[in-house]
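Single-letter residue listing:
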Protein chains: 2
Amino acid sequence: MNFCSQCGNRVVITVPPGDTHPRHVCPACGTIHYQNPKMIVGTIPEWESKILLCRRAIDPKRGLWTLPAGFMENGETTAQGAARETLEEANARVEVGELYSLYNLPHINQVYLMFRARLLDLDFGPGAESLEVALFEEKDIPWDRLAFRTVEATLRAYFHDRRQGRFRFHMADIAPPPK
Amino acid sequence: MNFCSQCGNRVVITVPPGDTHPRHVCPACGTIHYQNPKMIVGTIPEWESKILLCRRAIDPKRGLWTLPAGFMENGETTAQGAARETLEEANARVEVGELYSLYNLPHINQVYLMFRARLLDLDFGPGAESLEVALFEEKDIPWDRLAFRTVEATLRAYFHDRRQGRFRFHMADIAPPPK
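Residues numbered from 1 in each chain as written. Chains lettered and ligands numbered in written order. Predicted model: local features only at pLDDT ≥ 70, side-chain atom pairs only at ≥ 80, totals over all residues. Heavy atoms only, no water.

The name that an unreviewed UniProt entry assigns to chain A is NUDIX hydrolase, with the source organism given as Thiobacter aerophilum.

Written as structure tokens, this is what we have:
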């Protein structure tokens with residue numbers, strides 16, 4: 001950030017009075033520009049014993065498989081955002097169920113929220129950001145071609161819980177990848 | 001938002017190619033300025049059968065009581081943010097436990113995440129944003145002087161669960177207040 005989005009002047013980085021963190025502050029109009037973490041919301045779409053995955057058509061991780069998920073938008077709830085992303089990436093309609101996992105990624109200022117979801121029909125297919133969309137049995141999950149560690153962690157917890165016959169909420173922190 | 005924070009030119013509102021939402025876009029440098037919901041993270045600090053509340057020294061809702069909570073910052077996890085807010089608002093050190101409630105407030109683009117937490121000592125007191133800080137038994141909670149509906153919903157669920165002898169995760173959407 002270089003310029004004030006309110007008045008167009010150059011911003012400076014300073015700790016505002018009474019604050020504890022350095023912020024981008026406009027010396028002309030006084031606006032403090034806060035920057036906060038973003039939420040990624042998505043689903044684990046279930047159809048009988050299968051899970052729907054999308055192969056990414058965009059970077060990062062083009063060509064690898066992911067659960068449908070993306071940045072939460074203003075004006076929606078977490079569950080609405082998760083359903084919207086599932087529709088956009090997989091043209092799939094779901095009934096969103098319980099919150100299943102929360103992953104903190106503080107090194108990139110993101111929080112992942114993944115919901116269990118019931119696929120309502122088999123009329124799905126790749127959206128603009130997907131190369132292909134398919135249902136996978138546990139034994140067929142492409143573990144070595146998953147796009148994100150959040151997706152791998154969610155799927156490993158999911159299948160573990162399913163074998164135990166009991167789904168529980170999972171929360172964990174994900175460290176930066178090894179250099 | 002009027003000006004591009006990257007290059008200082010005036011922005012326009014348009015739906016970028018391949019996007020589904022109108023965004024602030026800079027016609028000069030091409031930067032798309034996304035705006036996303038923010039997370040409020042906080043705790044339910046427990047000491048024996050009592051809960052710690054803070055009376056707000058700042059607007060909105062100055063003079064009313066709240067659980068310690070505030071905007072999550074970049075570079076921290078949800079639990080770290082909840083502990084930091086508890087330290088800032090109540091000078092209170094806590095061990096953060098389970099995620100207890102998630103409230104969606106889509107009309108103001110906020111998601112509240114409240115954690116159960118164990119107060120580590122009684123050496124607490126008002127931070128800069130609090131007028132006073134105190135421990136309350138359930139019967140003494142100032143229900144008609146609580147600052148936010150998210151706080152009331154969290155406390156009502158908490159005491160209900162405690163009477164049942166079983167805490168479970170709560171998720172709900174909070175509609176705009178009646179006009």
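Enquirer: Lay out the interface of chain A and chain B in plain terms, naming residues and giving numbers.
Expert: Across the boundary between the two partners, chain A contributes 38 residues, which contact 38 residues of chain B. At the boundary of chain A with chain B, total buried surface from both sides reaches about 3,300 Å², with 55% on carbon and sulfur atoms. Summed over the shared surface of chain A and chain B, the result is 2 salt bridges. In this structure, the salt-bridge partner of Glu73 of chain B is Arg23 of chain A, at a minimum N-O distance of 2.6 Å. Remark: the boundary between chain A and chain B carries 18 residue pairs in polar contact (both at pLDDT 80 or more). Among the elements of the structure, β4 (38–47), α1 (78–90), β8 (94–105), β9 (110–119) and β11 (170–173) of chain A are those that each provide at least two residues to the side of chain A that touches chain B. Within the side of chain A that touches chain B, the residues separate by chemical class into 17 nonpolar, 14 polar and 7 charged. (Contact = heavy atoms within 4.5 Å. Buried area = accessible area lost by both parts, 1.4 Å probe. Salt bridge = Lys/Arg side-chain N within 4 Å of Asp/Glu carboxyl O. Polar contact = N/O pair within 3.5 Å; in protein donor to acceptor, adjacent residues only side chain to side chain. Helix = DSSP H or I, 4+ residues; strand = E, 2+ residues; numbered from the N terminus. Nonpolar A, V, L, I, M, F, W, Y, C, P; charged D, E, K, R; others polar.)

Enquirer: Tell me about the relation of the copies chain A and chain B, and name the residues and values.
Expert: Its rotation angle being 180 degrees, the transformation that places chain A on chain B also includes 0.0 Å of axial translation and leaves an RMSD of 0.0 Å. What the superposition gives is, in effect, a two-fold axis relating one chain to the other. The residues that chain A uses at the interface reappear at the interface of chain B in 100% of cases, marking a shared surface. (Least-squares fit on C-alpha atoms with pLDDT ≥ 70 in both.)

Enquirer: Requested: an account of the sheet that holds strand β1 (residues 12–14) of chain B, with residues and values cited.
Expert: Across the sheet, 3 strands lie side by side as β1-β2-β3 (chain B); this open sheet has antiparallel pairing. In this open sheet, the two edge strands, each paired with only one partner strand, are β1 and β3 (32–33) of chain B. (Pairing = 2+ DSSP bridges.)

Enquirer: Can you lay out the pattern of salt bridges for me, pointing to particular residues and giving the numbers?
Expert: All told, the structure shown has 30 salt bridges over all chains when counted by the stated rule. A salt bridge links Arg116 of chain B to Glu46 of chain B; the shortest N-O distance between them is 2.9 Å. Placement of Arg116 of chain B in strand β9 (residues 110–119) and of Glu46 of chain B in strand β4 (residues 38–47) is noted, with a sequence separation of 70 residues between them. Salt bridges linked by common partners bring Glu76, Arg84, Glu85 and Glu88 of chain A together as one network.

Enquirer: Any details on the sheet that holds strand β3 (residues 32–33) of chain A? Residues and values, ideally.
Expert: Each strand in a sheet pairs with its neighbour through backbone hydrogen bonds, running either in the same direction (parallel) or in the opposite one (antiparallel). Residues and elements named next belong to chain A. Reading across the sheet, the 3 strands line up as β1-β2-β3 and stay open at both edges, with antiparallel pairing between neighbours. Two strands in the sheet have a free side with no partner beyond their single neighbour: β1 (12–14) and β3. One ladder, built from 2 bridges, connects strand β2 (residues 23–25) with β3; its direction is antiparallel. Its bridge partner being in β3, His24 is matched across the sheet by His33.

Enquirer: Which residues make up the domain arrangement of chain A, and what values go with them?
Expert: Domain annotation of chain A identifies domain 1 (1–35) and domain 2 (38–169). Summarising the inter-unit geometry, the C-alpha centres of domain 1 of chain A and domain 2 of chain A are found 36 Å apart. (Domains from an automatic or database assignment.)

Enquirer: Could you give an account of the packing of aromatic side chains, naming the residues involved and the relevant values?
Expert: Residues and elements named next belong to chain B. What the rule picks out here adds up to 13 aromatic pairs over all chains. Ring centres of Tyr100 and Phe167 lie 6.0 Å apart, and the angle between their planes is 75 degrees; on these two criteria the pair is classed as edge-to-face. Of this pair, Tyr100 sits in strand β8 (residues 94–105) while Phe167 sits in the loop between α2 (149–164) and β11 (170–173), and the two are 67 residues apart along the sequence. Looking at Phe167, the relative accessible area reads 23%, which means it is partly exposed. Each ring, one from Trp143 and one from Phe159, has its centre 6.3 Å from the other, and the planes form 80 degrees; the classification is edge-to-face. Within this pair, whereas Trp143 is found in the loop between β10 (130–136) and α2, its partner Phe159 is found in helix α2, the two being separated by 16 residues in sequence. The class for Trp143 is partly exposed, based on a relative accessible area of 24%. Residue Phe159 is classed as buried on the basis of its relative accessible area, which comes to 1%. (Phe/Tyr/Trp six-rings, centres within 6.5 Å; stacked < 30°, edge-to-face > 60°. Buried < 20%, exposed > 50% of the residue type's maximum accessible area, 1.4 Å probe, protein only.)

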